[in-house]
Protein chains: 2
Amino acid sequence: MSVTIDDIAKEAKVSTATVSRVINGSKAVSPELTRRVLEVIERKRFKPNSFARGLATDKSSIIGVIVADISNPVISTTIKGINHVAQQKGYTVLVCESDGDGRKEQMLLERLEEQKASGVILAGMNVDHSRVEKMLDMDFPIVMVTQQSSDGCITINTVIHDNIQAIIDAVSFLYDNGHTRIGFICGPENDYSSGIRRLEGFRMAADSLGLDIPSSYIVHGDFSYESGRECMTRIFEENTRMPTAVLACSDLMAAGAVSGAASLGLSVPQDLSIMGFDDTDLARYLNPSLSTVRIPYFEEGSKAAEELFALMESGEKATGKLVFIPHKVIRRFSVRNIKTHDS
Amino acid sequence: MSVTIDDIAKEAKVSTATVSRVINGSKAVSPELTRRVLEVIERKRFKPNSFARGLATDKSSIIGVIVADISNPVISTTIKGINHVAQQKGYTVLVCESDGDGRKEQMLLERLEEQKASGVILAGMNVDHSRVEKMLDMDFPIVMVTQQSSDGCITINTVIHDNIQAIIDAVSFLYDNGHTRIGFICGPENDYSSGIRRLEGFRMAADSLGLDIPSSYIVHGDFSYESGRECMTRIFEENTRMPTAVLACSDLMAAGAVSGAASLGLSVPQDLSIMGFDDTDLARYLNPSLSTVRIPYFEEGSKAAEELFALMESGEKATGKLVFIPHKVIRRFSVRNIKTHDS
DNA sequence: CCCCGTCATGAAACCGCTTACACCGTGCTG
DNA sequence: CAGCACGGTGTAAGCGGTTTCATGACGGGG
């Protein structure tokens, strides 16, 4: 069918071993032969058969990425980051969607094992401890990104932003703009990973700034636009004294909150300030544009890939390393300064 | 290392050929042996090595998808559709990003050839005729989705929506709502595929409805939010008599147009109606929510995958088949009916 | 009763590449 | 000058499946 290493060897009058060595640079070959072989390879457009190579080396140039939902902008940005460095290294990225289904996720891991993936990145996946244990049995190193294992005990290498500090910074930003009554729309209650940390950050910030936050100011959404709307309504209904600002745990929920506020007759930011999280494109598209916390997901993705390659090279499955990517508060128009201005 | 077909054969006291036959159901095996083999496979958790299999059959269970930008919601939705049917068929999807760079795209195609992909889908890629020719030389069948080859002459199988009719329907919708002065924000001038068709649809609709559209009503954007804003400004500056409605070729540009209109002191839909295209989530998130044309990208993706599998099974590289997926006009709040209402 | 076709099975070749090992020539050391 | 280390090269043995082909058992028709 297509041109093989034997064809090249014959044409260049050398052995297949030499051709292989030239391709992989695995051992010294004389300049003369190298030149001859390369010339023939070029001329015949030889591409080594990746199956044969994989069979012989038991390694592929594939790294797998498992995500819950590929059309989530946070995730797709992360994937772009991963892709970026993988492509540079000559690796191909296999993106698999689990739809958040644990069984499917297990299936995908097994399939990646069959494909002899050289490494796997779990992007934005909620994974608990018992799962982590099993994963370390896989043939490849794994790193998590954008979400960390739910229990504190770190075994899998992880690249993530500092959820606690990010929320503290967001609350401080609101506080600096004169807000002391601050509502919080967090993630689902069963999100034991980033959700619990962000809530912790919120509590810490409230404490250290001396804010008095009634429990009815804190509500749980599920990261969707619709839940953002609902949460806004709930805050409105359950409080006679409304917060002056609401911090949501994602831009999408913040968008829902803005819309919910509008339905309640509140306009943003005149009557209510709203702040998002992530700094997805949506934050810029909305009117008013969202103040938010920028999480550099592209960088998280590329850093995760780099960590994975480091593991692959060292041959270790996991070192427990934890890398934080710095975030940044972004000021836009959904938050009003109520300290200096007139009401 | 891991358990091989030989282990199974030995344990079940049969030959490797028999095990292989059981796995693939390629030839009759007695019930007795089948049972024994399956039992051992199950017990030892045997997974055939995909390299060895690929090497022997010269086929992989991978299909490739090449896209320009994975975080474009239109594209990621299409990918989800592809994934859906591929997963059912036991295939894995390799998503590759070309960043719209033709050279990179060529590289990716070659890499997919190396990986012996069984088929490839080009999602939303702008491809001209000379490229198409070369692609048909590849080892695998190719289908295009969401975008068709730029010249009329169809060779590659394609799954797409009817761009001409979709725009005609959108214009008709605006017309039915009393609009006769309609602006059009189209794609880049060098988009010879969907762009040219949409413009054609716009002209056809204008003609058949007897609308008088000055050329300054038609401007070219690049599908970005920012270009939507600019286009809006341009329409405003170049016309003393403004259109009453503007149709944009993507929700994103429509969002930019809304924002641009706001900057010009025009509020939507009171002073100006704006209509989008695609029906991405963004259309619902905006305020006012966008009237738009829903293109079922998930369905396009899954249909494209089905077409690809059909080609793979028939063994043909291309049949020139063209499949249209029906669209639908969605009414929301960015378009006002100026026929029945007061001014 | 014999011949032949059919079916189930196993032995072994093969897919294309990597790599352990053998081999050879060269230059250096003792 | 013998012996040895070493760099460059080729031979061939895998890697783990699939598949061709040979073999043997069995059943039915003449």
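Residues numbered from 1 in each chain as written. Chains lettered and ligands numbered in written order. Predicted model: local features only at pLDDT ≥ 70, side-chain atom pairs only at ≥ 80, totals over all residues. Heavy atoms only, no water.

Before going further, it helps to examine the protein's contact with DNA strand C. Around DNA strand C there are 29 residues in total, and Ile5(A), Ser20(A), Thr18(B), Arg21(B) and Ser30(B) lie nearest to it. Expressed as a percentage, the sugar and phosphate content of the atoms of DNA strand C within 4 Å of the protein is 67%. In the environment of DNA strand C, a phosphate oxygen lies 3.2 Å from a nitrogen or oxygen atom belonging to the backbone of Asn49(A). At 3.0 Å from a phosphate oxygen of DNA strand C is found a main-chain nitrogen or oxygen belonging to Ser15(B). Where the surface near DNA strand C is concerned, the elements lending two or more residues are helix 2 (16-24) and helix 4 (50-57) of chain A together with helix 2 (16-24) and helix 4 (50-57) of chain B. With 5 residues, helix 4 of chain A is the single largest residue contributor to the surface near DNA strand C. Class assignment for the residues of the surface near DNA strand C results in 14 nonpolar, 9 polar and 6 charged. (Near = heavy atom within 4 Å. Polar contact = N/O pair within 3.5 Å; in protein donor to acceptor, adjacent residues only side chain to side chain. Helix = DSSP H or I, 4+ residues; strand = E, 2+ residues; numbered from the N terminus. Nonpolar A, V, L, I, M, F, W, Y, C, P; charged D, E, K, R; others polar.)

This part takes up the protein's contact with DNA strand D. Taken together, 28 residues lie around DNA strand D, and Thr18(A), Ala28(A), Ser30(A), Ile5(B) and Ser20(B) are the ones closest in. Among all atoms of DNA strand D positioned within 4 Å of the protein, those belonging to sugar or phosphate total 62%. Within the contact set of DNA strand D, a phosphate oxygen lies 2.9 Å away from a side-chain nitrogen or oxygen of Asn24(B). Separating a phosphate oxygen of DNA strand D from a backbone N or O atom of Asn49(B) is a distance of 3.4 Å.

Next up on the list: the state of the cysteines. According to the stated counting rule, one finds 0 disulfides over all chains in the structure shown. Distance from the sulfur of Cys249(A), which forms no disulfide, to the nearest cysteine sulfur (Cys186(A)) is 5.8 Å. (Disulfide = S-S within 2.5 Å.)

Inspection of the secondary structure assignment puts Thr158(A) in strand 5 (residues 157-161). Residue Thr158(A) is classed as buried on the basis of its relative accessible area, which comes to 5%. (Buried < 20%, exposed > 50% of the residue type's maximum accessible area, 1.4 Å probe, protein only.)

Expressed as a screw operation, the relation of chain B to chain A combines 0.1 Å of axial shift with a rotation of 180°, fitting to an RMSD of 0.2 Å. On the angle and the small slide along the axis, the relation comes out as a two-fold axis. With an isologous cut-off of 70% or more, the 100% of interface residues of chain B that recur at the interface of chain A puts this contact in the isologous class. (Least-squares fit on C-alpha atoms with pLDDT ≥ 70 in both. Contact = heavy atoms within 4.5 Å.)

Taken domain by domain, chain A holds domain 1 (5-57), domain 2 (62-161 + 297-326) and domain 3 (163-294). Relative placement of domain 1 of chain A and domain 3 of chain A: their C-alpha centres are 60 Å apart. (Domains from an automatic or database assignment.)

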